[in-house]
Amino acid sequence: MNIFRIIIMTALSSLAVQSFAQTPLEMLQGKFSAGAVSIVAEYELTVQNMPVAGSSEVLVQQDMYHVKGNGLEVYCNGRSVWTIDDSSKEVVIEPCAGPVQGYMENPVLLLAELGDFFEMKSDRRVGNDTEYVMDAVKDCGIVSAKLIVSPGGIVRSGIFIMEDGTEVAVKVKSMKKTEERNPSFFSPDRKFSSDWIVTDLR
């Protein structure tokens, strides 16, 4: 799994795990059950003994999303995923698969099936906030997660353990509802010229 896909998964998971827990997490369920949600997040992880850090902006709407950060841009219209690297002029196009294994390609699927993926293990107060610890009960690319949530139901940070043992720390800078976009927003609106490397796996 490439680094950017891990970032997409963790950013969206920081939304998804909110929808099945009790207060204060339950306060967020109405916010993300419909419409569009924007997230700005920073992340840190270690890949092959090398620290990696960056930030990403995510817009989620139903089974569609758009992610931008660190020179990469990802579109998902619910059927296909485009990963675009402008600096190297490369784009990879992949299909969205079904649930469980499909979550690896389309992490937004986790939003609809969250109760089947995670089990709450514990919660405790940390200052004024609440720490939630949960384990995955199905193969979704994430083994376990730990979230810090404010009394008002805002995710402050999360630590995610991936299947390969990678630990990803995510700090959510902002998360809010925003106006819905036309579905065409979640597909690239440009043509890729002959000097681009286009890999279409659909």
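Values in this document were obtained by computation on a predicted structure and should not be read as measured data.

Even after reading the chapter, I still don't get the pairing of strand S9 (residues 142–149), so can you show me in this structure?
Successive side chains on a regular strand alternate, one facing one side of the sheet and the next facing the other. Burial runs high along S9: six of the eight residues are buried. As judged from the six bridges shared by strand S8 (residues 129–136) and S9, these two strands associate in the antiparallel manner. Bridging across to S9, Val133 finds its partner in Lys146. Linking S8 to S9, which pair antiparallel, is a turn of five residues; within it Gly141 sits at a positive phi near 90°. Summarising the sheet, S9 and strand S10 (residues 155–162) pair through seven bridges and their orientation is antiparallel. Its bridge partner being in S10, Ala145 is matched across the sheet by Phe160.

When you look at the pattern of salt bridges in this model, what are you seeing that I'm missing?
Two side chains with opposite charge may pair up if their charged atoms get near one another. A full pass over the atoms with the stated rule returns six salt bridges. Glu119 is the salt-bridge partner of Lys121, the closest N and O atoms lying 3.9 Å from each other. Looking at Lys121, the relative accessible area reads 48%, which means it is partly exposed. For Arg124, the salt bridge goes to Glu131, with nearest N and O atoms at 2.9 Å.

Looking at this structure, I do not really get the nonpolar core. What am I missing?
Nonpolar side chains tend toward joint burial in soluble globular proteins. Of all hydrophobic cores here, the largest spans 29 residues; its most connected members are Ile39, Tyr65, Phe160 and Val170. Secondary-structure elements contributing two or more residues to this core are strand S1 (36–47), strand S2 (50–61), strand S3 (64–69), strand S4 (72–76), S8, S9, S10 and strand S11 (167–178). Here this core takes five residues from S1, the largest share from any one element.

Would you explain the packing of aromatic side chains in this entry?
Aromatic ring pairs: the centre-centre distance and the angle between the two ring planes describe each pair. For the coordinates displayed, the defined rule picks out two aromatic pairs. Measuring from centroid to centroid gives 5.2 Å for Phe185 and Phe186, while their planes differ by 85°, and the two rings are edge-to-face. Overall, Phe185 belongs to the partly exposed group, its relative accessible area being 34%. Classification of Phe186 by relative accessible area gives buried; the value is 0%. For the ring pair Phe192 and Trp196, a centre distance of 5.0 Å and an interplane angle of 55° mean the geometry is tilted. Exposure remark for Phe192: the relative accessible area of 22% places this residue in the partly exposed category. Positioned above the aromatic ring of Phe185, the side-chain terminus of Arg181 is 5.4 Å from the ring centre.

What's the story with the pairing of S10 in this structure? I'm lost.
Linking two consecutive strands that pair antiparallel, namely S9 and S10, is a turn of five residues; a positive phi of about 85° is found at Gly153 within it. Bridge count between S10 and S11: five bridges; the pairing is antiparallel. Counterpart to Ile161 in the pairing with S11 is Glu167.

Please explain the environment of Val149 as it appears in this structure.
Residue placement: Val149 occurs in strand S9. By relative accessible area, Val149 is classed as buried at 0%. In the structure, Val149 is positioned 17 residues away from Tyr132 in sequence and 7.8 Å away in space, judged by C-alpha atoms.

I keep staring at unusual backbone geometry and nothing clicks. Help me out?
As a rule of thumb, non-glycine residues mostly have phi less than zero, and peptide bonds are mostly trans rather than cis. A positive phi is found at Lys89, a non-glycine position, where the angle reads about 55°. Looking at the secondary structure, you find Lys89 in the loop between strand S5 (80–85) and strand S6 (90–95). For Lys89, a relative accessible area of 34% translates into the label partly exposed.

For this particular structure, what's the right way to read the confidence of the model for the protein chain?
Detail in the predicted coordinates should be disregarded across regions flagged by low pLDDT. Confidence in the prediction for the protein chain averages 77 pLDDT; 73% of positions are at 70 or higher. Across the protein chain, strand S12 (residues 197–200) holds the top mean pLDDT of 95, while helix H3 (residues 109–112) sits lowest at 48.

Thresholds applied
Residues numbered from 1 in each chain as written. Predicted model: local features only at pLDDT ≥ 70, side-chain atom pairs only at ≥ 80, totals over all residues. Heavy atoms only, no water. Buried < 20%, exposed > 50% of the residue type's maximum accessible area, 1.4 Å probe, protein only. Helix = DSSP H or I, 4+ residues; strand = E, 2+ residues; numbered from the N terminus. Pairing = 2+ DSSP bridges. Salt bridge = Lys/Arg side-chain N within 4 Å of Asp/Glu carboxyl O. Core = buried A, V, L, I, M, F, W, Y, C linked by side-chain atoms within 4.5 Å. Phe/Tyr/Trp six-rings, centres within 6.5 Å; stacked < 30°, edge-to-face > 60°. Lys NZ or Arg CZ within 6 Å of the ring centre and 35° of its normal. pLDDT = per-residue confidence, 0-100.

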